[in-house]
Amino acid sequence: MTEAVIDDPDQLEMFPGLEPVEVIPESELSADQRRTIRQARMLAMGVHPLSSVTRSSLLLHDDAAREKHGAGLRCGGCRFRQTVRYRDKSYPKCARSAELMSRSAASDVRAWWGACRYFEPRPDTRGEGA
Ligand code: SF4
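Predicted, not measured: the structure shown is a model, and the values here were computed from it.

A.B. asks: Explain the overall build of the protein to me, please; I cannot follow it from the model alone.
C.D. replies: Within the protein, the secondary structure is distributed over two helices and four strands. In the protein, the succession of α and β elements from N to C terminus is β-β-α-α-β-β. By residue count, 35% of the 130 residues in the protein fall in the buried class.

Following this line, the structure appears as structure tokens:
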């Protein structure tokens, strides 16, 4: 079943095949949920989400995936994305620069992100990652 966000109940009759979904205001989302939304918006604009850490625009690779389920190169297929262990947890970080290895969740690198311009494929993949 296809879902849709329709604010005006009168409009539902115009789209009989769609089920309404509840709209959750961003103010009610968790910090992680809001961060994920911001990151997806940055990718859609052609800016890598780690730009919020570097405080300068980190451009996407020309062949980067632009959306979560789209085709293209991803951080998950990059040799610089490494798992760092701290105490009993592990965190995915970009090891290309020490600046990107902070303990903040803001510098965690999601495998689904589109690859940045510094992407280098992991030896065991073609770079598309998870
Ligand atoms: S260097 Fe690799 S892991 Fe780091 S941000 Fe770019 S694509 Fe992602």
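A.B. asks: Help me understand the packing of aromatic side chains, please; the structure alone is not making it clear to me.
C.D. replies: Each pair of aromatic rings is reported with the distance of its centres and the angle of its planes. Across all of its chains, the model carries zero aromatic pairs by this definition. Note that R96 overlies the ring of Y118, its terminal NZ or CZ placed 4.0 Å from the centroid.

A.B. asks: Explain the side chain of H48 to me, please; I cannot follow it from the model alone.
C.D. replies: Among the structural elements, H48 can be located in the loop between α1 (31–44) and α2 (51–54). Among the polar contacts listed, one links the side chain of H48 to the backbone nitrogen of L50, at a separation of 3.0 Å.

A.B. asks: Just to check I follow, could you spell out the environment of C75 for this structure?
C.D. replies: Locating C75 in the fold gives a position in the loop between α2 and β3 (81–86). Of the residues examined, C75 reaches a relative accessible area of 9% and is grouped as buried. Residues C75 and G114, spaced 39 residues apart in sequence, show a C-alpha to C-alpha distance of 6.1 Å. Apart from residues lying up to four places away in sequence, C75 is in contact with H48, R81, V109, R110, A111, W113, G114 and A115.

A.B. asks: Where do I start with the pattern of salt bridges in this structure?
C.D. replies: Side-chain pairing between opposite charges can occur once the charged atoms of the two side chains come close. Evaluated as defined, the whole model comprises three salt bridges. Between R35 and D32 there is a salt bridge; the shortest N-O distance is 2.7 Å. Linking R35 with D32, this pair stays in helix α1, spanning three residues, or about one helical turn. Given the relative accessible area of 47%, D32 is considered partly exposed. Put simply, K93 and D108 hold a salt bridge, and the shortest N to O gap is 2.6 Å.

A.B. asks: Sorry, what's going on with unusual backbone geometry here?
C.D. replies: Leave glycine aside and you will find that most residues have negative phi; peptide bonds, for their part, are mostly trans. With a phi angle near 55°, R87 is a residue other than glycine that sits in the positive phi range. Relative to the helices and strands, R87 resides in the loop between β3 and β4 (89–94).

A.B. asks: What's the story with the pairing of β3 in this structure? I'm lost.
C.D. replies: For a regular strand, the rule is simple: side chains alternate between the two faces of the sheet. Here β3 runs beside β4; their pairing, made up of six bridges, is antiparallel. Bridging across to β4, V84 finds its partner in Y91. The turn joining β3 and β4, which pair antiparallel and follow one another in sequence, is formed by two residues; a positive phi near 55° is taken by R87.

A.B. asks: Just to check I follow, could you spell out α1 for this structure?
C.D. replies: Since one α-helical turn is 3.6 residues long, residues separated by three or four positions face the same way. If you check α1, its first and last C-alpha atoms are 20 Å apart, about what 14 residues at 1.5 Å a residue would give, namely 20 Å. Of the positions making up α1, those classed as buried are R35, Q39, M42 and L43. Buried residues of α1, viewed axially, fall in a sector of 95°; they line one side. Of the residues trailing α1, G46 is marked for its positive phi of about 85°.

Rules of the game
- Residues numbered from 1 in each chain as written.
- Predicted model: local features only at pLDDT ≥ 70, side-chain atom pairs only at ≥ 80, totals over all residues.
- Heavy atoms only, no water.
- Helix = DSSP H or I, 4+ residues; strand = E, 2+ residues; numbered from the N terminus.
- Buried < 20%, exposed > 50% of the residue type's maximum accessible area, 1.4 Å probe, protein only.
- Phe/Tyr/Trp six-rings, centres within 6.5 Å; stacked < 30°, edge-to-face > 60°.
- Lys NZ or Arg CZ within 6 Å of the ring centre and 35° of its normal.
- Polar contact = N/O pair within 3.5 Å; in protein donor to acceptor, adjacent residues only side chain to side chain.
- Contact = heavy atoms within 4.5 Å.
- Salt bridge = Lys/Arg side-chain N within 4 Å of Asp/Glu carboxyl O.
- Pairing = 2+ DSSP bridges.
- Expected span 1.5 Å × (residues − 1).
- Arc of directions from axis to C-beta.

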